[in-house]
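Residues per chain are reported as follows:
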Amino acid sequence: MAEEVLSHAPGCKTVACKIRRKSTIPVHISLYRPGGTCMSWPCGRMWGVHLDPEIVEALVALVSHTEQAVSIFDESDTLRYANEAFRTIMGLEPDEYPTWAELMRLSYSRKKGTRIDAEDMEAWLSSARGRRGKQSFRFNEADLYDGRWFYVGETTLPNGWMLCVFSDITSLATGQRKLRYERDIARRASLTDELTGLSNRRSMFQRFNELAKLSPDIPVVVVMLDIDFFKAVNDQFGHDAGDTVLRHFSSLLQQQTRRNDLAGRIGGEEFLLVLPNAQIDSAAALLERLYAILATASPLAANPEFRYSFSAGIAAANVGEGAQALLRHADEALYEAKSNGRNHYRIHKSDLSSQQDADGRRFHESPTDWRLLQ
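Definitions and limits used
Residues numbered from 1 in each chain as written. Predicted model: local features only at pLDDT ≥ 70, side-chain atom pairs only at ≥ 80, totals over all residues. Heavy atoms only, no water. Helix = DSSP H or I, 4+ residues; strand = E, 2+ residues; numbered from the N terminus. Buried < 20%, exposed > 50% of the residue type's maximum accessible area, 1.4 Å probe, protein only. Contact = heavy atoms within 4.5 Å. Areas by Shrake-Rupley, 256 points an atom, 1.4 Å probe, with all protein chains shown as cover. Core = buried A, V, L, I, M, F, W, Y, C linked by side-chain atoms within 4.5 Å. Pairing = 2+ DSSP bridges. Axes fitted to C-alpha atoms, helices over the stretch in contact; angles between N-to-C directions. pLDDT = per-residue confidence, 0-100. Expected span 1.5 Å × (residues − 1). Arc of directions from axis to C-beta. Parallel < 35°, antiparallel > 145°, perpendicular 65-115°, else oblique. Left-handed = near helix turned anticlockwise from the far one by under 90°. Salt bridge = Lys/Arg side-chain N within 4 Å of Asp/Glu carboxyl O. Phe/Tyr/Trp six-rings, centres within 6.5 Å; stacked < 30°, edge-to-face > 60°. Lys NZ or Arg CZ within 6 Å of the ring centre and 35° of its normal.

## What to know about the overall build of the protein
Inference 1: Summing up its helical and strand segments, the protein has eleven helices and 16 strands in all.
Inference 2: By the burial criterion, 48% of the 374 residues in the protein qualify as buried.
Inference 3: For the protein, the proportion of contacts with a sequence separation of at least 24, taken over those separated by at least 6, is 52%.
Inference 4: Surface exposure of the protein reaches about 18,900 Å², of which carbon and sulfur atoms provide 53%.

## Notes on the nonpolar core
Nonpolar side chains in soluble globular proteins tend to be buried together.
Inference 1: Val223, Leu225, Phe249, Leu287, Phe310 and Ile314 are the most contacted members of the largest nonpolar core, which has 36 residues in total.
Inference 2: Listing elements by their share of this core, those giving two or more residues are β10 (220-227), α8 (230-237), α9 (239-256), β12 (270-276), α10 (280-294), β13 (310-316) and β14 (345-347).
Inference 3: Here this core gets eight residues from one element, more than from any other, and that element is α10.
Inference 4: Within the second largest apolar cluster, 26 residues are counted, among which are Phe73, Ala118, Ala142 and Val152.

## So, the sheet that holds strand β8 (residues 149-156)
Inference 1: With respect to topology, five strands assemble into an open sheet ordered β6-β5-β9-β8-β7, the strand pairing being antiparallel. The open sheet has two edge strands, β6 (79-82) and β7 (137-143), and neither has a second partner. Pairs of neighbouring strands in the sheet enclose a mean axial angle of 20 degrees, with direction left out of account.

## With respect to the confidence of the model for the protein
Inference 1: When pLDDT is averaged along the protein, the result is 79; 75% of the residues meet or exceed 70.
Inference 2: Every residue in residues 1-49 is under pLDDT 50, and counting partners more than four places away or in other chains gives 108 contacts.
Inference 3: This model gives residues 354-374 a pLDDT under 50, and the stretch forms 40 contacts once residues within four places in sequence are excluded.

## Re the sheet that holds β12
Within a sheet, neighbouring strands are paired by backbone hydrogen bonds and run either parallel or antiparallel to one another.
Inference 1: In spatial order, the strands read β11-β12-β10-β13-β14; together these five strands make up an open sheet with mixed pairing. Both edges of this open sheet fall to β11 (262-265) and β14, since each of them pairs with a single strand only. Sheet twist, expressed as the mean angle between neighbouring strand axes with direction ignored, is 15 degrees.
Inference 2: Sheet strands in contact with α10 are β10, β12, β13 and β14, and its direction is about 170 degrees off that of β13.

## What about helix α2 (residues 53-65)?
Inference 1: Between the first and last C-alpha of α2 there are 18 Å, a value that for 13 residues agrees with the 18 Å anticipated at 1.5 Å per step.
Inference 2: When α2 is considered as a whole, its buried residues turn out to be Pro53, Val56, Val60, Ala61 and Ser64. The arc that holds every buried residue of α2, seen down its axis, measures 130 degrees, which confines them to one face. Opposite the buried face of α2, at more than 90 degrees from it, the exposed residues are Glu54 and Leu62.

## Describing the pairing of β7
Inference 1: With seven bridges connecting them, β7 and β8 associate as antiparallel partners. Bridging from a neighbouring strand, arginine 138 pairs with glutamate 154 of β8.
Inference 2: In sequence, β7 turns back onto β8 through a hairpin of five residues, with glycine 147 there showing a positive phi of about 100 degrees.

## What to know about the packing of α9 against α10
Inference 1: It is the contact of α9 with α10, at a shortest axis distance of 11 Å, that shows an interaxial angle of 135 degrees. As summarised for this structure, α9 and α10 are arranged oblique, according to the angle between their axes. Note on packing geometry: the crossing formed by α9 with α10 is right-handed. Packed against α9, whose contacting residues are His248, Phe249, Leu252, Leu253 and Gln256, the element α10 presents Leu286, Arg289, Leu290, Ile293 and Leu294 at the interface.

## So, helix α4 (residues 100-110)
Inference 1: Residues of α4 that are buried: Trp100, Ala101, Leu103, Met104 and Ser107. Down the axis, α4 shows its buried residues gathered within 160 degrees of arc, on one side only.
Inference 2: Buried residues belonging to α4 abut β5 (69-73), α3 (84-90) and α5 (121-129).
Inference 3: Looking one or two places after α4, you find lysine 111, whose phi comes out positive at around 55 degrees.

## Here we look at the pattern of salt bridges
A pair can form between side chains of opposite charge whenever their charged atoms are brought close.
Inference 1: Applying the stated rule across the entire model yields 13 salt bridges.
Inference 2: Residues arginine 138 and glutamate 154 are paired through a salt bridge, measuring 2.7 Å at the closest nitrogen-oxygen approach. One end of the pair, arginine 138, is in strand β7; the other, glutamate 154, is in strand β8, and 16 residues separate them in sequence.
Inference 3: Judged by its relative accessible area of 17%, arginine 138 falls in the buried class.

## Here's the deal with the packing of aromatic side chains
Inference 1: For the structure shown, the criterion picks out ten aromatic pairs.
Inference 2: Ring centres of phenylalanine 86 and phenylalanine 166 lie 5.7 Å apart, and the angle between their planes is 75 degrees; this geometry places the pair in the edge-to-face category. Here phenylalanine 86, found in helix α3, pairs with phenylalanine 166, found in strand β9 (residues 162-168); they are 80 residues apart in sequence, far enough to count as distant. Each member of the pair, phenylalanine 86 as well as phenylalanine 166, is classed as buried.
Inference 3: Between the aromatic rings of tyrosine 291 and phenylalanine 310, the centroid separation amounts to 4.2 Å while the plane-to-plane angle is 0 degrees, which identifies the pairing as stacked. A residue pair is termed long-range when its members are at least 10 positions apart, and tyrosine 291 in helix α10 and phenylalanine 310 in strand β13 qualify at 19 residues.
Inference 4: Since its relative accessible area comes to 5%, tyrosine 291 is described here as buried.
Inference 5: Through successive ring pairs, a cluster of aromatic residues spans Phe237, Phe249, Phe271, Tyr291, Phe306, Tyr308 and Phe310.
Inference 6: Looking at lysine 111, its charged tip hangs above the ring of tyrosine 108, at a distance of 4.5 Å from the centre.
Inference 7: One residue, arginine 342, lies across the ring of phenylalanine 229, its end atom 4.5 Å from the ring centre.

In structure tokens, the structure reads:
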């Protein structure tokens, strides 16, 4: 298979386009930036059409020169491509490719780019992460520190890559801007758990049902988690300490999940993870990482010896099962974990067939020992 590298369009310094050909039909396109691949896809599978080199070169040039700010983030939420307009409004240098969280921190510290009116930047980030990349498409509106106002469209692929397009709507009347801003604040509040910044129960179930309807063929794993003996934490150390533990655990969930995973607080000390394009083993590995972190974590500054744990139940979607059945299976597995010593996870019995030992039983390693699952 021969490869042809198209020359840069005039003034296009950050993107090159490579087309892999077989005969005269282009079947694979990769967009490159200096230092690495930006994104890569088979033309026919991605867009349903085959693109010739002239079209691809024009596409790259247009994206590079449009006044709309265009950026692409990968599944880890790291910036992989940004046109000149995006770098200008965000105050980014040509060689800067931060994660989205780092970009927001830069905006906050430099007072350039997205305006963030928050006393607690990390709390703001936690809340924003709970909404980012959870839908195939969403829009929001962003104020910039220079006074401009932008309409932002976010398109997210099943693999987690995201396209962001900023359109300047500063010319809208000031009164209309205020109304739209207040509407957005109210909408976000209705979908977010105020204490932890995670999605709330309503938002989690709504998004999970949407995922089940829109992408029925995508493998999904659900994890129910419950902090062990949480009432005792409140009783012994006070409700402020309990709130600290909830925020600490929520932060760990965000750190250990992917951007397109759904993480939410659905009860007092109960949490839910919805992991699209995941398997039982990857969900189990995520939980083992959490257990390892909590073994040495000290979230209460006034009580450095304090430790806490959690129990969890895992379930994977089976053919013909709906969202409610999957949630019920995860809840049943969680109940088994809590009824048999806590501080470990259980996998629902319907998901054990592919991971059984010679006796037909499934076991896994807990943080402290091996626990046998019937």
